[in-house]
Amino acid sequence: MHILNGALAANAASLGLNWIYNIPYLEKLAQKEDILFMPVDPAKFKRAGKAFNGYPNAEVGDFSLQGRILKWLYESLENKEDFSEEDYKALLVDHLKPGGPYEGWAESYAKKLVFNHLIDDLKLDHAPLTLNDDQLVGFVPYLALKALGRNKDQAFEYAKVLTSNEDYSALYHFFDSLFENAQKGSLKEAIDQAIPSLPRHYQTILETIKDTPDIKQFIKDNELNTACSITHAVPIIVHILYFADAFENAVHLNTKLGGASSDR
């Protein structure tokens with residue numbers, strides 16, 4: 001499967017239940033209904049209790065904001081080979097600023113970027129906000145460049161439009177290793193081989209995977225949550241990959257775990 005199609009399909013599949021933080025509710029729902037490509041239903045968010053309906057106007061097949069950014073960047077890189085980091089910044093601002101074409105929930109990284117742009121644009125006497133995002137949007141440049149077969153060393157330069165967190169760069173190398181070694185053996189073997197390349201705080205968590213096949217126990221034991229931060233999201237993603245036997249099953253489990261499911 002083309003990496004871009006896989007990423008966007010998974011993103012859209014989970015959007016109907018994105019940001020529901022009630023796993024028992026989602027497990028019961030999955031027993032009664034097909035939870036993939038589910039329409040956004042405000043009643044489900046209300047019944048779930050701990051939930052945030054960030055995309056109330058989304059239709060089936062739509063993407064989260066991060067999914068849209070991936071599509072925007074991929075198309076821009078495809079159409080302009082010398083597309084720069086400043087071009088990426090301008091692309092995001094043009095779509096996300098007031099009056100721009102994007103209509104929907106904007107996460108903190110988007111608001112900070114637009115705020116800093118408006119400071120410059122209006123020549124305001126205000127210090128710019130620090131861009132130190134740790135959400136999965138930092139993987140967008142990596143996926144876009146990989147999908148195009150381009151040099152992925154530039155991915156972190158694009159990512160720095162929104163973040164200064166150098167964990168992304170190390171994580172790109174980790175996933176590169178997975179892609180490469182999975183061609184030679186099983187995905188489990190590829191993950192085992194790649195774990196030592198990670199920063200120590202990820203290694204400590206991921207070294208427990210093989211002894212904790214139950215993902216809910218894995219989340220509990222390692223004090224993870226299902227929100228947006230890569231320090232929580234990446235271990236969950238890798239656990240899903242480690243035990244899933246098919247793409248659709250992986251996407252189904254990811255959706256059933258809730259939280260930031262579309263972006264995971």
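Heads up: the structure comes first, above all this text.
Remember, it's a predicted structure, so these values are computed and weren't measured experimentally.

Caption draft 1: Up close: the overall build of the protein chain. When you go through the protein chain residue by residue, the secondary structure sums to 14 helices and zero strands. Counting from the amino terminus, the protein chain carries its helices and strands in the arrangement α-α-α-α-α-α-α-α-α-α-α-α-α-α. Burial analysis of the protein chain (264 residues in total) assigns 48% to the buried set. Summarising the internal contacts of the protein chain: among those between residues at least 6 apart in sequence, 65% fall at separations of at least 24. Summed over its atoms, the accessible surface of the protein chain is roughly 13100 Å², and 50% of this surface lies on carbon and sulfur atoms. In the protein chain, 26 side chains carry a positive charge and 37 a negative one; their mean positions are 6 Å apart.

Caption draft 2: Focus on the side chain of Glu107. Tracing the sequence through the fold places Glu107 in the loop between α5 (85–96) and α6 (108–122). Nearest to the buried, unbridged Glu107 among oppositely charged side chains is Lys111, at 9.6 Å. Among residues more than four places away in sequence, those in contact with Glu107 are Trp19, Leu65, Gln66, Gln135, Cys228 and Asp263.

Caption draft 3: Quick peek at helix α4 (residues 65–79). Taking 1.5 Å as the rise per residue, α4 with 15 residues should run 21 Å; its terminal C-alpha atoms sit 21 Å apart, in good agreement. Buried within α4 we find Leu65, Gln66, Gly67, Ile69, Leu70, Trp72, Leu73, Tyr74, Ser76 and Leu77.

Caption draft 4: Spotlight on the nonpolar core. Within the largest apolar cluster, 72 residues are counted, with the highest numbers of intra-cluster contacts made by Leu65, Ile69, Tyr88 and Phe139. Ranked by residues supplied to this core, first place goes to helix α13 (residues 230–243) with eight residues. Formed by ten residues, the second largest nonpolar core is a distinct cluster that contains Ile20, Tyr25, Leu29 and Val40.

Caption draft 5: Just the layout of surface pockets, in detail. By volume, the largest pocket amounts to about 1200 Å³. In terms of lining, the largest pocket is formed by 36 residues, of which the most central are Ala7, Ile237, Leu241, Phe247 and Arg264. Secondary-structure elements contributing two or more residues to the lining of the largest pocket are α1 (3–14), α4, α7 (140–147), α9 (167–182), α13 and α14 (247–257). Looking at the lining of the largest pocket, the element that brings in the most residues is α1, giving six residues. Looking at the lining of the largest pocket residue by residue, the classes come out as 25 nonpolar, nine polar and two charged. There is about 180 Å³ of room inside the second largest pocket. Lining the second largest pocket are 13 residues, and of these Asn57, Ala58, Arg68, Glu103 and Gly104 sit closest to its centre. Broken down by class, the residue content of the lining of the second largest pocket amounts to seven nonpolar, three polar and three charged.

Caption draft 6: The arrangement of the packing of helix α2 (residues 23–32) against α14 in detail. For the pair α2 and α14, interaxial distance at closest approach is 8 Å and the crossing angle is 135°. Taken together, α2 and α14 sit at an angle that is classed as oblique. Here Ile23, Leu26, Glu27 and Ala30 of α2 lie close against α14, whose contacting residues are His252, Thr255, Lys256 and Leu257.

Caption draft 7: Quick peek at the environment of Phe83. In this fold, Phe83 is placed in the loop between α4 and α5. Overall, Phe83 belongs to the buried group, its relative accessible area being 8%. On a C-alpha basis, the gap between Phe83 and Leu73 in space is 9.3 Å, while along the polypeptide they are ten residues apart.

Caption draft 8: Highlighting empty space enclosed by the protein. Taken as a whole, this structure holds two cavities of 30 Å³ or more when the rule is applied. Quantified by volume, the largest cavity comes out at close to 60 Å³. What lines the largest cavity is Ala12, Leu15, Gly16, Phe37, Met38, Pro39, Val40, Ala58, Glu59, Val60, Gly61 and Asp62. Residues that form the lining of the largest cavity fall into these classes: eight nonpolar, two polar and two charged. Taken as a whole, the second largest cavity encloses approximately 30 Å³ of empty space. Each residue belonging to the lining of the second largest cavity can be placed in one class, and the counts come to six nonpolar, one polar and no charged.

Caption draft 9: Fine view of the packing of aromatic side chains. Going through the model one piece at a time under the given rule, you end up with twelve aromatic pairs. Seen from their ring centres, Tyr88 and Tyr158 are 5.9 Å apart, and the 85° between their planes marks the pair as edge-to-face. Placement of Tyr88 in helix α5 and of Tyr158 in helix α8 (residues 155–159) is noted, with a sequence separation of 70 residues between them. Here Tyr88 and Tyr158 have matching classes, each one buried. Taken together, the aromatic side chains of Phe139, Tyr142, Tyr168, Tyr172, Phe174 and Phe175 make up a single cluster linked through ring pairs.

Rules and cut-offs
Residues numbered from 1 in each chain as written. Predicted model: local features only at pLDDT ≥ 70, side-chain atom pairs only at ≥ 80, totals over all residues. Heavy atoms only, no water. Helix = DSSP H or I, 4+ residues; strand = E, 2+ residues; numbered from the N terminus. Buried < 20%, exposed > 50% of the residue type's maximum accessible area, 1.4 Å probe, protein only. Contact = heavy atoms within 4.5 Å. Areas by Shrake-Rupley, 256 points an atom, 1.4 Å probe, with all protein chains shown as cover. Lys, Arg positive; Asp, Glu negative; His and termini not counted. Charge placed at Lys NZ, Arg CZ, Asp CG, Glu CD. Salt bridge = Lys/Arg side-chain N within 4 Å of Asp/Glu carboxyl O. Expected span 1.5 Å × (residues − 1). Core = buried A, V, L, I, M, F, W, Y, C linked by side-chain atoms within 4.5 Å. 1 Å grid on protein atoms, 1.4 Å probe; cavity = no way out; pocket = protein on both sides within 12 Å on 5 of 7 lines; lining within 4 Å. Points joined across faces, edges and corners; volume = space filled by probe spheres on them. Nonpolar A, V, L, I, M, F, W, Y, C, P; charged D, E, K, R; others polar. Axes fitted to C-alpha atoms, helices over the stretch in contact; angles between N-to-C directions. Parallel < 35°, antiparallel > 145°, perpendicular 65-115°, else oblique. Phe/Tyr/Trp six-rings, centres within 6.5 Å; stacked < 30°, edge-to-face > 60°.

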